[in-house]
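Single-letter residue listing:
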Amino acid sequence: MTDLPVYSVLNCLQWSEEESERILSDSEIPTEIAVVFFKMNQGVSVSEGIPDLLDELSDFGECVRIQPDPREPGSGAIDASDFLLVAIIPSDTRRSFQDLFQRPFIGRASYGFSKDRIEIRRVLESQGMEMLPVEEPKPEELLTQAKSFMLEKEDANEEGAIDKMGLHATDEQKLSVTAPKGFRCSGVHAGVKKTRRDVGLLVSDFPCVCAGRFTQNRFLSPAVRVTKEHLGKGNVQAVICNSGNANAATGSRGMKDAKKMTRIAAKELGLQADQVLVCSTGIIGTFLPMTKIKTGIQEAAKSLATGEDERMIEAIMTTDIRLKAAVRRLTVDGREVVIGGIAKGSGMIHPNMATMHAYITTDAQVNHEALDRALGDAVSESFNALSVDGDTSTSDSVLIFANGQSDTEEITLDHPSYSSFRSQLKQVCIDLARQMARDGEGAEHLVRIVCQGAANTEDAREVGRTLATSLLVKTAVFGKDANWGRIIAAIGRTQASFDPDQVRVWIADQLLFEKGMAAKYDEATVEAGMAEEEVEIRVDLGEGKAEMTVYTCDLSYDYVRINAEYHT
């Protein structure tokens, strides 16, 4: 297996300052962080096998942590069967590193690799980098801390793996959706899920101009229908949401429960029910536990705050591993305007949005026509240019709240700052969409597909979406296989206008195909590029000047496992 999310593993552990410095140290030779969980076969002497393995590793890499450590007396390693190892290795020695664990006394192993020191630094710095004694949890406890790198199969309805995983928020994740003036939020555990927060509340202290975009799936959930109805009345100030249960395909009772959620929230906030929007995400076809939901809403209303946005983000997460947030700023009439957003989504995502929620706030003063058009344009180039698995869901919503507290002139379509506002809103949405693609269930790579040279935007969009949903293309990226044949085959089944002899294809900035045949390229260079966290596939159709970028992820073994176990 090669499906460990390195950042989640590092998040689960406490690192000493010395270890952090070693992990983040620069090197003249390109290196990466390697993580492996491995299981020893029964009857094997740990004191003999592992020291030999570490000696071989030292020939080309450096062991930062092995847990438990058989070299330390009293570590419990002699009686252990499960081990975690974190190492720094040259980027061209992955195969040698994996070969270390292909020996008879090791039953199985699961690996993860990352070159992204910037993201790793964010993970380590979010822990405070304090000089704390390193306590070594038992390996079997570590194995339950993140569902996506479990070596043992877990009951599909047990959410303990993700629930126990440490989610260390960055400054942006703590202050994003409440970064604009006049917004507060909260997230609580109501019992819809076993232990993780599952009810979230976002409130503006002032009436808002609001706009939204929703899934195009025809089986609209009650939450989407109620929210659309309330949006039409204007004067919105809040959204109440829950995860763990989508309240979809639940008939008339589902509609009553969705409306009841807005009434309960409105009563706690001193608002009218139609001033509250509602969103639900999770399992389809199950009634909401309204007694728990009511208690959760009441608790959430009492704990509203600014700067605790990660609680709200966690409350809307389902199979997500990462917190997702983005912030942008601009100047209007000499005053700062802030746009902040949070989102959830890691699977069942496809253009026209699916199994995703995004909540965006701004203290800009914007009229409804300008806000609605800006959101539509932003969604078109972000959430509707995103595909994880080609499936769409029933509950998906993007909502934006503008409360005007920046005290600027009203932004209209012809206002000088409209273009800047629209641009920054688009960047917030693209940031969130990229984070969702990167967090695709079981994914190892964010894949950016750029289709250029198209006759028109629709052709560019069709080619991008076709590649993003091709299982063969996505699995090739997972296998780091520069199989351009799969790419041109996918392009060939679109209705886009092109001459096959004019089409060119690049992967990781290496030209692989042109003039109707393979180009000359270095396979090792392409493979190294495909090992990066972010992989670009670029296509030039040679027909015009239109261009479109679509985001997706690779398709791994773990995607199948997660979704095979996810009760729907």
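Throughout what follows, the structure given in this document is the object of discussion. Because the structure is a prediction, the values reported are computed rather than measured.

1. Structural notes on the environment of Glu523
Now for step 1: Positionally, Glu523 belongs in helix 18 (residues 523-530).
Now for step 2: Under the relative-accessibility criterion, Glu523 is labelled exposed at 60%.
Now for step 3: When the C-alpha atoms of Glu523 and Ala482 are compared, they prove to be 7.9 Å apart, with 41 residues separating the residues in sequence.

2. Focus on the pattern of salt bridges
Now for step 1: Within the structure shown, the criterion is met by 21 salt bridges.
Now for step 2: Residues Arg65 and Glu19 are paired through a salt bridge, measuring 2.8 Å at the closest nitrogen-oxygen approach. On the criterion of sequence distance, the pair formed by Arg65 in strand 2 (residues 62-67) and Glu19 in helix 2 (residues 17-24) is long-range, its members being 46 residues apart. When sorted by exposure, Arg65 lands in the same class as Glu19, which is buried.
Now for step 3: For Arg422, the salt bridge is made with Asp377, and the minimal N-O distance between the two is 3.6 Å. Note that Arg422 is positioned in helix 14 (residues 418-438) and Asp377 in helix 13 (residues 368-380), a separation of 45 residues in sequence.
Now for step 4: A relative accessible area of 32% means that Arg422 is categorised as partly exposed.
Now for step 5: The exposure class of Asp377 is partly exposed, given its relative accessible area of 30%.
Now for step 6: Beyond isolated ion pairs, a larger network of salt bridges with shared partners links Arg448, Asp509, Glu536 and Arg538.

3. Details of the sheet that holds strand 13 (residues 446-454)
Now for step 1: Strands sit in the order 16-15-14-17-13-18 across an open sheet of 6 strands; the sheet is mixed. Looking at strand neighbours, the two that pair on one side only are strand 16 (517-518) and strand 18 (546-553), the edges of this open sheet.
Now for step 2: Where strand 14 (residues 504-507) and strand 17 (residues 534-540) come together, 4 bridges link them in antiparallel fashion. In the strand pairing of strand 17, Val505 is matched with Val539.
Now for step 3: Packing of helix 15 (residues 457-469) onto the sheet brings it into contact with strand 13, strand 17 and strand 18, and relative to strand 18 it is tilted by some 20°.

4. Quick word on the environment of Val473
Now for step 1: Within the secondary structure, Val473 is located in helix 16 (residues 471-478).
Now for step 2: Its relative accessible area of 5% is what places Val473 among the buried residues.
Now for step 3: Along the chain, Val473 and Ile537 lie 64 residues apart, while their C-alpha atoms are 10.0 Å from each other.
Now for step 4: What Val473 contacts, discounting residues up to four positions off in sequence, is Leu467, Arg486, Ile487 and Ile537.

5. Points about helix 9 (residues 222-231)
Now for step 1: Burial runs high along helix 9: 7 of the 10 residues are buried.
Now for step 2: Along helix 9, the positions that sit buried rather than exposed are Pro222, Ala223, Val224, Val226, Thr227, His230 and Leu231.
Now for step 3: The elements touched by buried residues of helix 9 are strand 6 (199-214), strand 7 (236-245), helix 10 (251-269), strand 8 (276-283) and strand 12 (397-402).

6. Comments concerning helix 15
Now for step 1: Compared with an ideal rise of 1.5 Å per residue, which puts 13 residues at 18 Å, helix 15 spans 18 Å between its outermost C-alpha atoms and is within 8% of the ideal.
Now for step 2: Turning to helix 15, its buried residues number three or more, namely Asp459, Ala460, Arg461, Val463, Gly464, Thr466, Leu467 and Ala468.
Now for step 3: Against the buried residues of helix 15 lie helix 13, strand 13, helix 16, helix 17 (484-492), strand 17 and strand 18.

7. Section: the environment of Ile284
Now for step 1: Among the secondary structure elements, Ile284 is positioned in the loop between strand 8 and helix 11 (290-302).
Now for step 2: The sequence separation of Ile284 and Gly244 amounts to 40 residues, and the corresponding C-alpha distance is 9.4 Å.

8. A word on the nonpolar core
Now for step 1: Of all hydrophobic cores here, the largest spans 31 residues; its most connected members are Ile360, Val366, Leu375, Phe383, Val398, Phe421 and Leu425.
Now for step 2: Filtering out sequence-adjacent residues up to four positions away, Leu425 remains in contact with Ile339, Ile360, Ala374, Leu375, Ala378 and Ile400.
Now for step 3: Judged by nonpolar contacts, the second largest core, of 29 residues, contains Ala468, Val473, Val477 and Met548.

9. A short note on the pairing of strand 15 (residues 510-514)
Now for step 1: Direction of pairing for strand 14 relative to strand 15: antiparallel, over a ladder of 3 bridges. Considered in strand 15, the bridge of Trp506 is made with Leu511.
Now for step 2: Hairpin connection from strand 14 to strand 15: 2 residues lie between these consecutive antiparallel strands, with Ala508 at a positive phi of about 50°.
Now for step 3: Taken together, the 2 bridges between strand 15 and strand 16 define a ladder with antiparallel strand orientation.

10. Brief notes about the packing of aromatic side chains
Now for step 1: Tallied over the full model, the rule gives 8 aromatic pairs.
Now for step 2: Between Phe97 and Phe101, the ring centres sit 5.2 Å apart and the planes meet at 65°, which makes this aromatic pair edge-to-face.
Now for step 3: Here the aromatic residues Phe38, Phe83, Phe97, Phe101, Tyr111 and Phe113 are joined through ring pairs into a cluster of three or more.
Now for step 4: Across from the ring centre of Trp15, 4.4 Å away, lies the NZ or CZ of Arg65, which sits over that ring.
Now for step 5: Stacked on the ring of Trp506, the Lys or Arg Arg538 has its end atom at 4.1 Å from the ring centre.

11. Brief notes about the side chain of Gln67
Now for step 1: Counting through the fold element by element, Gln67 comes out in strand 2.
Now for step 2: Judged by its relative accessible area of 0%, Gln67 falls in the buried class.
Now for step 3: Polar side-chain contacts of Gln67 include one of 2.5 Å to the side chain of Arg65.

Rules and cut-offs
Residues numbered from 1 in each chain as written. Predicted model: local features only at pLDDT ≥ 70, side-chain atom pairs only at ≥ 80, totals over all residues. Heavy atoms only, no water. Helix = DSSP H or I, 4+ residues; strand = E, 2+ residues; numbered from the N terminus. Buried < 20%, exposed > 50% of the residue type's maximum accessible area, 1.4 Å probe, protein only. Salt bridge = Lys/Arg side-chain N within 4 Å of Asp/Glu carboxyl O. Pairing = 2+ DSSP bridges. Contact = heavy atoms within 4.5 Å. Axes fitted to C-alpha atoms, helices over the stretch in contact; angles between N-to-C directions. Expected span 1.5 Å × (residues − 1). Core = buried A, V, L, I, M, F, W, Y, C linked by side-chain atoms within 4.5 Å. Phe/Tyr/Trp six-rings, centres within 6.5 Å; stacked < 30°, edge-to-face > 60°. Lys NZ or Arg CZ within 6 Å of the ring centre and 35° of its normal. Polar contact = N/O pair within 3.5 Å; in protein donor to acceptor, adjacent residues only side chain to side chain.

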